[in-house]
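# Working through the structure, step by step
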Protein chains: 2
Amino acid sequence: MENIVKTQAIAKSDVITMLKERDITPTQQRVEIAQILFAKPQHLSADQVLAIVNAEGAVASKATIYNTLGLFAKKGLVREVIVDPTKVFYDSNINNHHHFFDMDNGELIDIANDHIELGKLPALPDGTVAEGVDVIIRIRKSD
Amino acid sequence: MENIVKTQAIAKSDVITMLKERDITPTQQRVEIAQILFAKPQHLSADQVLAIVNAEGAVASKATIYNTLGLFAKKGLVREVIVDPTKVFYDSNINNHHHFFDMDNGELIDIANDHIELGKLPALPDGTVAEGVDVIIRIRKSD
DNA sequence: ATTGGTGCAAAGGATTTGCAGTCTA
DNA sequence: TAGACTGCAAATCCTTTGCACCAAT
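It should be emphasised that the depicted structure is a prediction, and the values quoted were computed from it without experimental measurement.

What counts and how
- Residues numbered from 1 in each chain as written.
- Chains lettered and ligands numbered in written order.
- Predicted model: local features only at pLDDT ≥ 70, side-chain atom pairs only at ≥ 80, totals over all residues.
- Heavy atoms only, no water.
- Helix = DSSP H or I, 4+ residues; strand = E, 2+ residues; numbered from the N terminus.
- Contact = heavy atoms within 4.5 Å.
- Areas by Shrake-Rupley, 256 points an atom, 1.4 Å probe, with all protein chains shown as cover.
- Lys, Arg positive; Asp, Glu negative; His and termini not counted.
- Charge placed at Lys NZ, Arg CZ, Asp CG, Glu CD.
- Domains from an automatic or database assignment.
- Buried area = accessible area lost by both parts, 1.4 Å probe.
- 1 Å grid on protein atoms, 1.4 Å probe; cavity = no way out; pocket = protein on both sides within 12 Å on 5 of 7 lines; lining within 4 Å.
- Points joined across faces, edges and corners; volume = space filled by probe spheres on them.
- Nonpolar A, V, L, I, M, F, W, Y, C, P; charged D, E, K, R; others polar.
- Pairing = 2+ DSSP bridges.

### Some points on the overall build of chain A
- Broken down by element type, chain A carries four helices and six strands.
- Its helices and strands in sequence order give chain A the pattern α-α-β-α-α-β-β-β-β-β, from N to C terminus.
- Projected onto its principal axes, the C-alpha coordinates of chain A cover approximately 45 × 45 × 25 Å.
- A sequence separation of at least 24 residues applies to 50% of the contacts in chain A between residues at least 6 apart.
- When the accessible surface of chain A is summed, it comes to about 7,700 Å², and 48% of that surface belongs to carbon and sulfur atoms.
- The centroid of the 15 positive side-chain charges in chain A is displaced by 5 Å from the centroid of its 20 negative side-chain charges.

### Description of the domain arrangement of chain A
Residue and element names in this part refer to chain A.
- As far as domains go, chain A holds domain 1 (12-90) and domain 2 (95-139).
- Placing a centre on the C-alpha atoms of domain 1 and another on those of domain 2 gives a separation of 22 Å.
- With seven residues of domain 1 in contact, the opposing surface of domain 2 contributes 13 residues.
- Both faces considered, domain 1 and domain 2 share a buried interface measuring about 800 Å² in area, 53% of it formed by carbon and sulfur atoms.
- If you sort the residues of domain 1 by the area they bury against domain 2, His43, Arg79 and Val83 come out on top, with a joint share of 68%.

### Details of empty space enclosed by the protein
All names here are of chain B.
- Scanning all chains against the criterion turns up one cavity of 30 Å³ or more.
- Of the voids in this model, the largest cavity is the one considered here, and its volume is about 40 Å³.
- At the level of secondary structure, the elements contributing two or more residues to the lining of the largest cavity comprise β2 (79-84), β4 (98-102) and β6 (128-141).
- Tallied by class, the residues present in the lining of the largest cavity amount to four nonpolar, two polar and two charged.
- There are two domains that each give the lining of the largest cavity at least three residues, and those are domain 1 (12-90) and domain 2 (95-139).

### Quick notes on the pairing of strand β5 (residues 107-111) of chain A
All names here are of chain A.
- Pairing geometry for strand β4 (residues 98-102) and β5, over five bridges, is antiparallel. Looking at β5, one finds that His98 is bridged to Ile111.
- Taking the residues that link successive antiparallel strands as the turn, the β4-β5 hairpin has four residues, and the phi of Gly106 there is positive, at about 65°.

Set out below in structure tokens:
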């Protein structure tokens, strides 16, 4: 009946704690969004988050979804993954890991951290610090 | 007077040859755009290409810029680099190399291929082939 | 003539913004 | 209550599309 499922795998009190740890005021919609994101490791676009939230009777507007995801990203709760020029993915897995990007269906797939190995890293330009390293392997169906 | 400079480092006949090699009909505007791109290794957005072209009296429309860059990318003449959700960069350097992305000014910087090292690559999902591997190191000014 | 390429303006889609109303602390 | 947060709709920005015109074979 519904292919949009919200796995309620995380207790409200847990996400409230997570939010507070990052100095994020735990409002109703932020908690709601966080519960969706952290139900499991996944990659969701703003649109998908909106759809899932609304699947249970709109509790957050589009603007709030964007505000919230942007805030979470800035506070380090989620990681933005830029691979598709048409949308940003929010990855609920903060741990070091990289991605396959399936160009056929626009899906992201995790690469377990120990399945890839970055040898030496280059020296950074003077006066800069690294914010993060993304490895993206673009894949496509073999004929 | 003009900070948009078109370095005419490549002869028209050379780019025509490059285009033909990839089965691209060398029209006036494609040649023009190719000369800009291949004047030197660089990363340009569609907007920037348009601006440079127009700096010498519009010879190509916005639609043609997008069509042409998309075509070049598909034919493997340039490489699309997706790091900034607000625009796509076209890299005139096809060789294996990776990038720093300066989050402060939105600029791409090449990483010479021998300054980074990808150890083992993970096994690809069944039935897929790799189209390319992008390594992006996001950097930011240190305080 | 026919096919492919170009230009213009309008359409599209994701994200942002302005501002009034609402909630949290 | 004060300041923060939310919602709605309009606005923006990049990119794509539709369609008429032009060019090359």
